[in-house]
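What follows is the residue order along each chain.
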Amino acid sequence: MTGDNSTFQKNPNIFILKKALINKTITKLQFDVYMVLLNIPAGKVTTYKNIANIVKCNSSRAIGQALRRNPFAPDVPCHRVVKSDLTLGGFSGSTGNKTVERKLKILQSEGVEFQPLKDKKLEIYHTKVKEEHIWKQST
DNA sequence: GTTGCGGCAGCGT
DNA sequence: CACGCTGCCGCAA
């Protein structure tokens, strides 16, 4: 193949992930999930459910579990994952406002925009990502 | 080496 | 709003 090897050169993280899988510091599900994350560019986000579909796992919650154990943060961008209703969801193993605020700040610094839900309380937890920032898989 | 149990950064009804 | 459910994984017996 004359194919594109630049992916590997631009993402040395892939090499690190494979190594971690072989050394069994991460599970196969973690490996699959983290590989998906590496394809999400800054300024975009995806959902737990979307990742679950990609890695063929029927439990979005298991995805959250894999993310919370991410040993490679922030190189593996676990903060670019939100809930299906486009609200923020948890971060770093917690759903508390204080913790989630950190997630919000990181995403905003990457250019992601948010809109609060008017009919709900103006809490961070009810802040939604604008749809234009949802990551669409390239074919 | 194996089995069983309980909890999880969510989702659907 | 409250509950039940899913698959996965760490830890104790």
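Residues numbered from 1 in each chain as written. Chains lettered and ligands numbered in written order. Predicted model: local features only at pLDDT ≥ 70, side-chain atom pairs only at ≥ 80, totals over all residues. Heavy atoms only, no water.

As annotated in an unreviewed UniProt entry, chain A carries the name Methylated-DNA--protein-cysteine methyltransferase and comes from Clunio marinus. In its Sequence similarities (unreviewed entry) section, the UniProt entry covering chain A states "Belongs to the MGMT family." (UniProt positions renumbered as here; feature names shortened; annotations may be inferred.)

Digging into the overall build of chain A
Looking only at helices and strands, chain A features 6 helices and 4 strands. In sequence order, the secondary structure elements of chain A are arranged as α-α-α-β-α-α-β-α-β-β. When burial is assessed residue by residue, chain A has 37% of its 139 residues classed as buried. Of the contacts formed within chain A by residues at least 6 apart in sequence, a portion of 55% connects residues at least 24 apart. For chain A, the exposed surface amounts to about 8,900 Å²; the carbon and sulfur share of it is 50%. (Helix = DSSP H or I, 4+ residues; strand = E, 2+ residues; numbered from the N terminus. Buried < 20%, exposed > 50% of the residue type's maximum accessible area, 1.4 Å probe, protein only. Contact = heavy atoms within 4.5 Å. Areas by Shrake-Rupley, 256 points an atom, 1.4 Å probe, with all protein chains shown as cover.)

A closer look at the protein's contact with DNA strand C
Inspection of the region around DNA strand C gives Thr27, Leu29, Asn58, Ser59, Arg61, Ala62, Gln65 and Arg69 as its neighbouring residues. Backbone atoms, meaning sugar plus phosphate, form 68% of the atoms of DNA strand C positioned within 4 Å of the protein. Between Thr27 and DNA strand C, the recorded distance is 2.5 Å, taken from a side-chain N or O atom to a phosphate oxygen. Contact distances for DNA strand C include 3.4 Å between a sugar or linking oxygen and a side-chain N or O atom of Gln65. Tallying contributions element by element places helix H5 (residues 60-68) first for the surface near DNA strand C, with 3 residues. Class assignment of the residues belonging to the surface near DNA strand C gives a composition of 2 nonpolar, 4 polar and 2 charged. (Near = heavy atom within 4 Å. Polar contact = N/O pair within 3.5 Å; in protein donor to acceptor, adjacent residues only side chain to side chain. Nonpolar A, V, L, I, M, F, W, Y, C, P; charged D, E, K, R; others polar.)

So, the protein's contact with DNA strand B
In the vicinity of DNA strand B, 16 residues are found, and the nearest of them are Lys49, Gln65, Arg68, Ser84 and Gly93. Tyr48 is positioned such that a nitrogen or oxygen atom in its side chain is 2.8 Å from a base nitrogen of DNA strand B. Of all the secondary-structure elements, those providing two or more residues to the surface near DNA strand B are helix H4 (48-54) and H5. Here the element with the most residues in the surface near DNA strand B is H5; it accounts for 6 residues. The class makeup of the residues in the surface near DNA strand B is 4 nonpolar, 8 polar and 4 charged.

Considering helix H3 (residues 28-38)
All buried positions along H3 are accounted for by Gln30, Phe31, Val33, Tyr34, Val36, Leu37 and Leu38. Looking at the buried residues of H3, the elements they touch are helix H2 (12-22), H4, H5 and strand E2 (81-82).

Remarks on the side chain of His79
Mapped onto the secondary structure, His79 falls in the loop between H5 and E2. Those residues in contact with His79, other than ones at most four positions away along the chain, are Phe91, Lys103, Ile106, Leu107 and Glu110.

Re the environment of Gly93
Its location among the elements puts Gly93 in the loop between E2 and helix H6 (97-109). A relative accessible area of 47% places Gly93 in the partly exposed class. Here the alpha-carbon distance between Gly93 and Arg69, two residues 24 residues apart in the chain, equals 8.2 Å.

Section: the packing of H3 against H5
At their nearest, the axes of H3 and H5 sit 9 Å apart, and the two run at 80° to each other. Classified by the angle between their axes, H3 and H5 sit roughly perpendicular to one another. Facing H3, whose interface residues are Leu29, Gln30, Val33, Tyr34 and Leu37, H5 presents Ala62, Ile63, Ala66 and Leu67. In terms of residue class, the contact of H3 with H5 is made up of 8 nonpolar, 1 polar and no charged. (Axes fitted to C-alpha atoms, helices over the stretch in contact; angles between N-to-C directions. Parallel < 35°, antiparallel > 145°, perpendicular 65-115°, else oblique.)

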